[in-house]
Every structure is written in structure tokens, then in C-alpha cells.
Amino acid sequence: MTIATLNKPQINWVNTLFFIGLHIGALFAFVPGNFSWKALGVAFLLYWVTGGLGITLGFHRLVTHRSFQTPKWLEYVLVFFGTLACQGGPIEWVGTHRIHHLHSDTETDPHDSNKGFWWSHIGWLIYQSPAQAEIPRFTKDIAGDPVYQFLQKYFILIQIALGLALLFLGGWPFVIWGIFVRIVWVYHCTWLVNSATHKFGYQSHESGDRSTNCWWVALLVFGEGWHNNHHAFQYSARHGLEWWEIDLTWMTIQLLQAVGLATNVKLAPTKS
């Protein structure tokens, strides 16, 4: 066995087969009889709830970066929504993202964009990652919380429960669009932050990596596409720093702040 063989990353077959299964399931949306406008509406609603409120607002800006604070009950609701995105449990997601920021675009970045678009988009997820062993060191603030532990352990069963609820409410079209199509769509939109916003767009700030601001990714992921701004000011609750940089998640935080549900909101310094 050569050294090259020993260093070759091993395929994570659980992730790989899971992703293949979800994409095959999404293809059933094109089978006659599996489409309805109500099913499409369910998919869009869950896209916003899981991708917007869950991943972007909850997992990312609230928990990973603590760019603002909410009552604990609201934090748990948002983290639950993020769990429904089926991108792993919240402890794993938060830990991996914190590791990314510490080592952005270096060899120890889990989705180092220097390895190419495909790798940073999905390739890193289908191979065993050394970063997994480092997650406990980066999640000490949430790892002992029983709610986070429950969501981390049972995120697949929670998704199955949602699927059963959709089956009861609208039959298989609701399941295909509300589970398979929606999960695959939110996956690729989220993954574009790792891939496209380290390749396309412009840099407004020196962030020490290849992060960019990409308007079309920002539209797809509720403001997360202003990625260079974010890497320059990781603590900031607002990512779209210019008036033209539309940031729907920042608008949501402003709404929560107006009704007293978001406090200690941290912002990047304003230009003089």
C-alpha cells in the first residue's frame, strides 16, 4: 500500500447513499400526479422555515456567531426549524461552521475552496472529515444542553415525523415536495455559500480568504450571500452592509428587535 493510498480520504457511505436517496426521491416530483400547487406551496413555506428561519437565522447568526440574543424558548424554536433542514444535528452543524471560520480556505477548512468548486459544494460531505473529531472542542457552549442533544440524536426521526404529518395532510405530493424536493433545494442553496461565495462575486473587505459577496446567492439564502462582509465581521448580525445588499435575515432580526425578542444585536462598524 502506497503513502498516497493511505492519505486518500475515505468515502462516507452513509452520507453518500443518503444524498443519492434524497435526490432520487426529488425526481419523483416529475412523475405525473405528484404535482399540485398546494404541494409546491408547502415546499416554499418549508424552504423559508427550515432554510431561512432555521439554518440562516437560527443555526448561523444566532447560535454559531451569537450575533444577537433571544429568549431561550425562541432559540430552541429556531434551532428546531434548522434541524428540519436535515443538514445534520445542530451541534455538528455549528461546530463544523466554527471550524470553517477559524481555518477558512486553508488545508484544515472542512470545505476549503482551494480544492475546487465541487469539493467545497458537496465533495467534502461525501468523504470522512478529520474536522469531525474537533467538533466537541468548538461546541462546549451547546453540547451539554439536553434540547440540543435531543435534536442532534434524533434529527432523522424528526424528519420522518414531519413526513408522516405531510402524508396525512396532503398525501404523497406533500411528502415528495415538502420533504425530498425541499431538502434537496435547501441543501444546494446552503452549499452555494461554501462554494459560489468563495468563487463568484466581489470583495469589499480584506478577510484573509477567498470569500466573496454574491448577489444571487444572497437572494437564494436570505442574505447569506454577502459572505465577504460576513467573514470580515463574523460577529455582525447584518451581512448586507450596503443599501443595495438585500439581507432578508437582517430584516427579520430587526423585526424581532422591534418586538423585544432580539437583544444585544452586534453590528459591523459603520463607515465614517
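Residues numbered from 1 in each chain as written. Predicted model: local features only at pLDDT ≥ 70, side-chain atom pairs only at ≥ 80, totals over all residues. Heavy atoms only, no water.

Draft legend 1. Examining the nonpolar core more closely. In terms of nonpolar packing, the biggest core is built from 67 residues, with F68, L166, W177 and I253 touching the most fellow members. Of all elements in the fold, only α2 (13-27), α3 (37-64), α4 (72-83), α5 (90-102), α7 (135-138), α8 (146-195) and α11 (248-258) reach the threshold of two or more residues within this core. Considering every element that reaches this core, the biggest residue donor is α8, with 20 residues. (Core = buried A, V, L, I, M, F, W, Y, C linked by side-chain atoms within 4.5 Å. Buried < 20%, exposed > 50% of the residue type's maximum accessible area, 1.4 Å probe, protein only. Helix = DSSP H or I, 4+ residues; strand = E, 2+ residues; numbered from the N terminus.)

Draft legend 2. Quick look at the UniProt feature "transmembrane region" (unreviewed entry) in the protein chain. With numbering aligned to this structure, UniProt lists the feature "transmembrane region" (unreviewed entry) at residues 12-31, 37-59 and 154-180. What you have in residues 12-31 is 75% helix and 0% strand, and the ends, taken at the C-alpha atoms, are 30 Å apart. What you have in residues 37-59 is 100% helix and 0% strand, and the ends, taken at the C-alpha atoms, are 30 Å apart. (UniProt positions renumbered as here; feature names shortened; annotations may be inferred.)

Draft legend 3. Broad picture of the UniProt feature "domain: Fatty acid desaturase" (unreviewed entry) in the protein chain. The feature "domain: Fatty acid desaturase" (unreviewed entry), as given by UniProt, occupies residues 37-249 in the numbering adopted here. This span, residues 37-249, is 59% helix and 0% strand, and a straight line between its end C-alpha atoms measures 26 Å.

Draft legend 4. The packing of aromatic side chains, seen in detail. One pass over the structure, following the stated rule, counts 18 aromatic pairs. Judged by centre distance (6.0 Å) and plane angle (80°), the ring pair of Y47 and W185 falls under edge-to-face. With Y47 in helix α3 and W185 in helix α8, the pair connects residues that are 138 residues apart, well separated along the chain. Here Y47 falls in the buried class, since its relative accessible area comes to 11%. Centroid distance W243 to W244: 5.8 Å. Interplanar angle 90°. Geometry classified as edge-to-face. For W243, a relative accessible area of 74% corresponds to the exposed category. Ring-pair connections join several aromatic residues into one group, and the members of that group are F18, F19, Y187 and W191. (Phe/Tyr/Trp six-rings, centres within 6.5 Å; stacked < 30°, edge-to-face > 60°.)

Draft legend 5. Seen up close, the state of the cysteines. Tallying each qualifying case throughout the model produces zero disulfides. In this structure C86 is a free cysteine whose sulfur lies 16 Å from that of C189, the closest cysteine sulfur available. On the accessibility criterion, C86 (2% relative accessible area) is buried. Left without a disulfide partner, C214 is nearest to the cysteine sulfur of C189, which lies 12 Å away. The class of C214 is buried, set by a relative accessible area of 2%. (Disulfide = S-S within 2.5 Å.)

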